[in-house]
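Take a look at the letters that make up each chain.
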Amino acid sequence: MTSVAEQMHKLQILYPAAHAGSDGGVHFAYIPELGVGKEGHKQVVRALLYPSHDNGYSSRLFLDRQVPTTASYTWTTRVIAGETWWVVSFNGVPGTLPWTEILANHVRALQ
């Protein structure tokens, strides 16, 4: 198993401003500038990558707002570390993958 520090280091190669955080004992990566959304409507958002199980999902990507996507997802909100975050009902990205791959899968799903 790769440590949180090792996973963050690999993520910071792609997103230098990313940093580790935790909420209720759950580790996550905070990414202050992540480009997501469908072509022609991409937005730069703040994001939290939860690389572990969360409420029945194998991993999650929380955003600071909803973004236009080509798929019809159900958006819900959740308060994490005192802030409201948006998340879609998308599952199937195993938390056992490297964090960079988990992120890539979630970003791809939001196109």
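As a reminder, the structure under discussion sits directly above these lines.
Residues numbered from 1 in each chain as written. Predicted model: local features only at pLDDT ≥ 70, side-chain atom pairs only at ≥ 80, totals over all residues. Heavy atoms only, no water.

This part covers helix α1 (residues 4–14). For α1, every residue scored as buried is listed here: Q7, M8 and L11. Burial along α1 is one-sided: seen end-on, the buried residues are contained in an arc of 100°. More than 90 degrees from the buried face of α1, the exposed residues found are A5 and I13. (Buried < 20%, exposed > 50% of the residue type's maximum accessible area, 1.4 Å probe, protein only. Helix = DSSP H or I, 4+ residues; strand = E, 2+ residues; numbered from the N terminus. Arc of directions from axis to C-beta.)

Within the secondary structure, D64 sits in the loop between β4 (60–63) and β5 (75–80). Of note is the side chain of D64, whose polar atom sits 3.1 Å from the side chain of R65. Ignoring anything within four residues of it in the chain, the contact list for D64 reads V45, R46, W85 and W86. (Polar contact = N/O pair within 3.5 Å; in protein donor to acceptor, adjacent residues only side chain to side chain. Contact = heavy atoms within 4.5 Å.)

Moving on, we get to helix α2 (residues 99–109). Listed as buried for α2 are W99, I102, L103, H106, V107 and A109. Viewed along the axis of α2, the buried residues span an arc of 160°, placing them on a single side of the element. Of the surrounding secondary structure, the elements contacted by the buried residues of α2 are α1, β2 (26–36), β3 (43–50) and β4.

Right, let's talk about the pattern of salt bridges for a bit. Tallied over the entire structure, the rule returns 5 salt bridges. Between R46 and D64 there is a salt bridge, with the nearest N and O atoms lying 3.4 Å from each other. Taken together, the positions of R46 in strand β3 and D64 in the loop between β4 and β5 put the pair 18 residues apart, joining distant regions of the chain. Taking relative accessible area as the criterion, R46 reaches 26% and is therefore assigned partly exposed. (Salt bridge = Lys/Arg side-chain N within 4 Å of Asp/Glu carboxyl O.)

This part is about the environment of F62. Within the secondary structure, F62 is located in strand β4. Under the relative-accessibility criterion, F62 is labelled buried at 0%. Remark: the alpha-carbon pair of F62 and H106, spanning 44 residues in sequence, is separated by 9.8 Å. For F62, the contacting residues outside a window of four places in its chain are R46, A47, L48, Y50, D54, R78, I80, W85, W86 and V87.

Here we come to the pairing of strand β6 (residues 83–88). One ladder, built from 6 bridges, connects β5 with β6; its direction is antiparallel. For R78, the partnering residue across the bridge sits in β6 and is W85. The turn joining β5 and β6, which pair antiparallel and follow one another in sequence, is formed by 2 residues; a positive phi near 50° is taken by A81. (Pairing = 2+ DSSP bridges.)

Its place among the elements puts K38 in the loop between β2 and β3. Since its relative accessible area comes to 26%, K38 is described here as partly exposed. Taking the C-alpha atoms as reference points, K38 and T70, separated by 32 residues in sequence, lie 6.1 Å from one another.

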